Amino acid sequence: MSLDLDERQRAMLAEMDIRVWWPRASAPVVTPEPIAAKQEPVRAGGQKASENRATPASQPGSAGIAQMDWDALQAAVAGCRACALCEHRQRTVFGVGPAAAAPGQAPQVDWMVVGEAPGENEDRQGEPFVGQAGKLLDNMLRAIGLERHVNVFIANVIKCRPPGNRNPEPGEVAQCAPYLHRQIELLAPKIILAMGRFAVNALLQDSVPEVHKLPLGKLRGQVHHYRGVPVVITYHPAYLLRNLPDKAKAWADLCLARETLGRAG
Ligand code: URA
């Protein structure tokens, strides 16, 4: 993998407090795949909960969710009342990425980022990672040539804000995870970056025994798989904001993910 970085990427890394010791770039720099035309981004789940409430009887089970196309999935999340989180939310937060090529289809992306759950800002705007942690995430992604709305899909395990930003409860995760799993199936990303404990548990619970008991520090640094898709684990950006020295490890994780994708061709 080339680690040549241009000025812009170095600036991003500086902003992340990451010092890069490789020699200055001499060759052309890694840039994102050209995007034919910048399209309207997908900001699904933007409806106010009060505008689109399903009745409990209309709630799809996980078998129903597993059959949905992208548009049906977005609508199901927007109207979801499967757990008590719907009572407090302002907006559902489906995820964000480039626009799809055709109705019903998922956007085409190689990269997917999975976080935990919306916070206050995300609940208000209907888009994941728009607060301070989101700024850091955007900078981290830019450092490897990824841009929100353009060439990465960003989603959470949980689509509604847990009140007071508490941790999601196991029952809430169980109700919501089928949406994430269907998103992954439809997006078919080539690499997933799992950020933080809840993303890791949701993605690796079937492949890593007792994953919830293993420290993230032990799980990162290797490539895991979710239904055949490579998964690289890293720290949650909100954690990184409080633990600056671990940003260097997060940079190593991003490099591992980029290398893994490069190997997959
Ligand atoms: N933290 C997350 O995990 N996701 C968000 O969307 C915002 C903060």
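Residues numbered from 1 in each chain as written. Predicted model: local features only at pLDDT ≥ 70, side-chain atom pairs only at ≥ 80, totals over all residues. Heavy atoms only, no water.

(A) Focus on the layout of surface pockets. One number sums up the size of the second largest pocket: a volume of about 530 Å³. Forming the walls of the second largest pocket are 27 residues, and the residues nearest its centre are Glu116, Ala117, Ala133, His236 and Ala238. Elements represented by at least two residues in the lining of the second largest pocket include exactly helix H4 (120-125), helix H5 (132-143) and helix H9 (237-242). For the lining of the second largest pocket, the element with the most residues is H9, which contributes four residues. (1 Å grid on protein atoms, 1.4 Å probe; cavity = no way out; pocket = protein on both sides within 12 Å on 5 of 7 lines; lining within 4 Å. Points joined across faces, edges and corners; volume = space filled by probe spheres on them. Helix = DSSP H or I, 4+ residues; strand = E, 2+ residues; numbered from the N terminus.)

(B) Inspection of the pairing of strand S5 (residues 191-195) at higher detail. Of all five residues in S5, five are buried; the element is thus mostly enclosed. Taking every second residue as pointing to the same face, both faces of S5 are buried, with Ile191, Leu193 and Met195 on one and Ile192 and Ala194 on the other. Judged from the four bridges that link them, strand S3 (residues 111-115) and S5 form a sheet pairing that is parallel. Residue pairing across strands places Met112 opposite Ile192, the latter belonging to S5. Sheet analysis places S5 next to strand S7 (residues 229-234), joined by four bridges and oriented parallel. Looking across to S7, one finds that Leu193 is bridged to Val232. (Buried < 20%, exposed > 50% of the residue type's maximum accessible area, 1.4 Å probe, protein only. Pairing = 2+ DSSP bridges.)

(C) The site of the ligand, seen in detail. As a matter of local geometry, the ligand sits amid Gly115, Glu116, Ala117, Glu122, Pro128, Phe129, Asn156 and His236. Taking Glu116, its main chain carries an N or O atom lying 2.7 Å from an oxygen atom of the ligand. Phe129 is positioned such that a nitrogen or oxygen atom in its backbone is 2.9 Å from an oxygen atom of the ligand. With the chains in place, 90% of the 240 Å² that the ligand exposes on its own is no longer accessible. Partitioning the shell around the ligand into residue classes produces three nonpolar, three polar and two charged. (Near = heavy atom within 4 Å. Polar contact = N/O pair within 3.5 Å; in protein donor to acceptor, adjacent residues only side chain to side chain. Areas by Shrake-Rupley, 256 points an atom, 1.4 Å probe, with all protein chains shown as cover. Nonpolar A, V, L, I, M, F, W, Y, C, P; charged D, E, K, R; others polar.)

(D) The arrangement of the environment of Pro98 in detail. When you line up the elements, Pro98 lands in the loop between strand S2 (95-97) and S3. According to the relative accessible area criterion, Pro98 is buried, its value standing at 8%. Residues Pro98 and Val150 lie 52 residues apart in sequence; the distance between their C-alpha atoms is 4.8 Å.

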